[in-house]
Amino acid sequence: MEFFSKINVIDVLNYLPDPILIIDTLGDIKFCNESFSKLLGYSTDELYNKNIINYLADDSVFQECMLELRNHQSCSDQSTIFIAKDKRHITTTKNVKLIEIDNEECIFVNIRDVSNIEKINYELSTTKRELEERSKQLVNLLDDHKKQIVEKQLQLDEIVNIIDEIIWYIDDKTMEVKYVSNAIEHIFGERKEEFLNGSSLWMNMIHEDDRQSVMDFFYEIKPSQSDTIEFRIKRKDGTIRWLSNTITHHQSLNFFIGVTHDITQKKKDQKEIEFMAYHDVLTALPNRSYLKNEINTLLKKSSIIKQNFAVLFLDLDNFKYINDSMGHDIGDELLVKVSQKLKETVGKKGVCTRFGGDEFVILMQMQNKRDIDIKAQEIIDSLNSPFKVEDHEFFISSSIGISIYPDDAQTATELIKSADTAMYEAKLAGKNRYSFFNPDMNTNIKEFLEIETFIKDAIANNYFELYFQPLISSSSSSLNGFEALLRLKHPLHGFISPERFIPVAESTGDILKISEFVMEHACKFASRINTLSSHDIFVSVNISSRQLKEKSFAKTFLKCATDHKVDPSLLKVEMTESVVMDNISVAVKELDILRSAGVQVALDDFGTGYSSFEYLAQLPINTIKVDKSFIISLFDKESNKHIVNAITSLAHALNMDVTAEGVETDEHVQYLKENNVDILQGFYYSKALPVDEIITNIHEYKKLFNL
């Protein structure tokens, strides 16, 4: 390898039994010895220059290690889980140091495979037994060698007593401890003399739940056999410790010779690793792996007892805005509170898991579909209550998709996928609701994805275009302004209706890029049309919910006007009631900024929402636009006339003007003029036209717009 062309220690490192790694500070592997490649099951060529994060079960380990290296130059004994080529998880510990090679800072990693620790302990215990056996044999040598034997025994004791593991002999008949090393004092918490001379202290300290199994172990181990047993001891201070004991029944010496080491931390680490493998770190809820195992268990049970169960796939609506505006720390704390509320609401009737991000999956056994109806609505209602994080109050809604076994799918993967599909259907239907899966949804999702592709094509290739529909003064029959209307003309599929692509763009977030296009070209048109016109003409732009929630929306809008030298008073923003109600506090703040700069504000599709009159006086609005559904059917029902008249009277009382959409006939025009509607818009005057057609005929606009 070129990186090691000047290093002559590669062969040495390859001889070492411990896995060795050298990586750069970005985590790219620059060298690994054969022990490491064998540990993961890759060749060294496959590993070279790959990033170590690819082989870590938890990629945060690398960042944490780098932080400690920067502070202390080294870190050690950190438990790390590697992912082998065959997908096995291998638990290791490691010692890591910063080194320098050819003036380049690198990281030297010495890894120890903890999974093989028992084998290592066995080899160590065998070595220790040989030493002990040798020392015993020396005692029986001739008297003239006694001094030499004693000296060797003292040397051996000195070696044995500096080892962390306990070395001991037990009489195989009386079970009395005949020899024990100093390590017993640290592990058992008692002086080693207390265990000698016929004492049964060591047996009494074994945890009462493990004592019988230990006795059975000694009874069953035959002469010349070796085996390992794990058990707990209970110290006088009440603490519990786990011990691993490798024991040999020595036939000629009539002793049980043992090596004992403390594995309490290892047990704790294993428990934490097992928990982390099946639980989410942030919320402590079961994770995706746990979910799939649980579904597979239910599938096996259901195949025997024929019991149905449901998978509820829940996604928080618009949660991305909270992360973007408030930061991930607050977002994470909110997720914790949401997970607690979900767990509390689901209770013992189901299992609530975090699937990832702001997605949760709930697994419920069921007697009938009505049970799931009730529980799904209960979950949605529980999340509608405000959540308080620090000094902020958040209102959360959620969309839930539901699949049922065996009606909708027969495998864990398909059940989750079907529930996910139903969840998207709930979002498309307006969010804050639940939907049961049905096969037709696949068609809807397919169309959704198809439209999403068209949108991305249009953004990349400039297929979007703005058309403009005239707004006519009812009192003077003169041109007052234009509403900018977005069109998507795909080269292969022709015009695609805004009713089809706008909801998809809102859902995917592409609406933000589209909105930039709309603002830019609407301001450009306003500049051109007012340069050519003899009187002021305003241009109205529709604003989306996603756009209004963006930070500094008003500032961005005004900058666009400045860039194109358009007076803000010649611009109007339109938004529906639902857009405003989605986050009224943010809407009022941004709209106040626009109004202060002179931009006009219109409330579109008025009369179709449920909260219009309650909030109308609070909003900085210039114009109310009566929804076209009332105008088109103006003469079908007498009530439609009353609604239009009431809206007009209310708007004028609040110093607002009124625009009527959907004006198509002479009768419409005559009635609306007589009832003081200020501005008229509809096919009676003109459909929306492309920019060039308007600019070309601007001096004959009376003829162009049927005035």
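Residues numbered from 1 in each chain as written. Predicted model: local features only at pLDDT ≥ 70, side-chain atom pairs only at ≥ 80, totals over all residues. Heavy atoms only, no water.

**Considerations on the side chain of Ser 35**
Part 1: Its location among the elements puts Ser 35 in helix 2 (residues 34-40).
Part 2: With relative accessibility at 16%, the residue Ser 35 sits in the buried group.
Part 3: A distance of 3.1 Å separates a polar atom in the side chain of Ser 35 from the backbone oxygen of Pro 17.
Part 4: The residues touching Ser 35, leaving out its near neighbours within four places in the chain, are Leu 16, Pro 17, Asp 18 and Pro 19. (Helix = DSSP H or I, 4+ residues; strand = E, 2+ residues; numbered from the N terminus. Buried < 20%, exposed > 50% of the residue type's maximum accessible area, 1.4 Å probe, protein only. Polar contact = N/O pair within 3.5 Å; in protein donor to acceptor, adjacent residues only side chain to side chain. Contact = heavy atoms within 4.5 Å.)

**Looking at unusual backbone geometry**
Part 1: Going from Tyr 405 to Pro 406, the amide bond is cis rather than trans, its omega being 5°.
Part 2: Turning to its location among the elements, Pro 406 is positioned in the loop between strand 17 (398-405) and helix 15 (412-428).
Part 3: The phi torsion at Met 175 lies on the positive side, around 60°, for a residue other than glycine.
Part 4: One non-glycine residue, Asn 254, lies in positive phi territory at about 60°.

**Digging into a nonpolar patch on the surface**
Part 1: Nonpolar side chains collect at one region of the surface, where Phe 275, Met 276 and Val 281 lie side by side and expose about 320 Å² of accessible area between them.
Part 2: Mapped onto the elements, Val 281 comes out in the loop between helix 10 (264-278) and helix 11 (288-305). (Patch = residues over 30% accessible without salt bridge, like charges linked within 9 Å, V, L, I, M, F, W, Y side chains within 5 Å. Areas by Shrake-Rupley, 256 points an atom, 1.4 Å probe, with all protein chains shown as cover. Salt bridge = Lys/Arg side-chain N within 4 Å of Asp/Glu carboxyl O.)

**So, helix 22 (residues 584-597)**
Part 1: The end-to-end C-alpha distance of helix 22, which contains 14 residues, comes to 20 Å, matching closely the 20 Å that a straight helix rising 1.5 Å per residue would cover.
Part 2: Here helix 22 has its buried residues at Ala 587, Val 588, Glu 590, Leu 591 and Leu 594.
Part 3: Two residues or fewer after helix 22 comes Gly 598, characterised by a positive phi angle close to 105°. (Expected span 1.5 Å × (residues − 1).)

**Let's talk about the packing of helix 16 (residues 440-461) against helix 17 (residues 498-508)**
Part 1: Following both chains from N to C, one finds helix 16 and helix 17 inclined at 85°, their axes separated by 9 Å at the closest point. Considered as vectors, helix 16 and helix 17 are oriented roughly perpendicular to each other. Residues Glu 447, Phe 448, Glu 450, Ile 451, Glu 452 and Ile 455 of helix 16 lie in contact with helix 17, whose contacting residues are Arg 500, Phe 501, Val 504, Ala 505, Ser 507 and Thr 508. (Axes fitted to C-alpha atoms, helices over the stretch in contact; angles between N-to-C directions. Parallel < 35°, antiparallel > 145°, perpendicular 65-115°, else oblique.)

**Observations concerning the sheet that holds strand 8 (residues 177-180)**
Part 1: One open sheet holds the five strands; their spatial order is 8-7-11-10-9, and the pairing between them is antiparallel. Each edge of the sheet is formed by a strand with only one pairing partner; in this case those strands are strand 8 and strand 9 (226-234). Neighbour-to-neighbour, the strand axes of this sheet turn through a mean angle of 25°, independent of strand direction.
Part 2: As paired elements, strand 9 and strand 10 (residues 240-250) share nine bridges and run antiparallel to each other. The residue of strand 10 that forms the bridge with Ile 229 is Asn 245.
Part 3: Those strands touched by helix 9 (residues 211-220) are strand 7 (166-171), strand 9, strand 10 and strand 11 (255-262), and its axis lies near 155° from that of strand 9.
Part 4: Each of strand 9, strand 10 and strand 11 is contacted by helix 10, which is oriented at about 120° to strand 10, the strand it contacts most. (Pairing = 2+ DSSP bridges.)

**Quick look at the side chain of Asp 315**
Part 1: Tracing the chain through its elements places Asp 315 in strand 12 (residues 309-316).
Part 2: In this view, Asp 315 contacts Asp 358, Glu 359, Ser 397, Ser 398, Ser 399, Met 423 and Lys 427; residues no more than four positions away in its chain are not counted.

**Focus: the sheet that holds strand 18 (residues 434-436)**
Part 1: Strand order in the open sheet made by the five strands is 13-14-12-17-18, with mixed pairing throughout. A single partner strand is all that each edge strand has here, and the edge strands are strand 13 (350-356) and strand 18. Each strand of the sheet is rotated relative to its neighbour by a mean of 20°, with strand direction disregarded.
Part 2: Judged from the three bridges that link them, strand 17 and strand 18 form a sheet pairing that is parallel.

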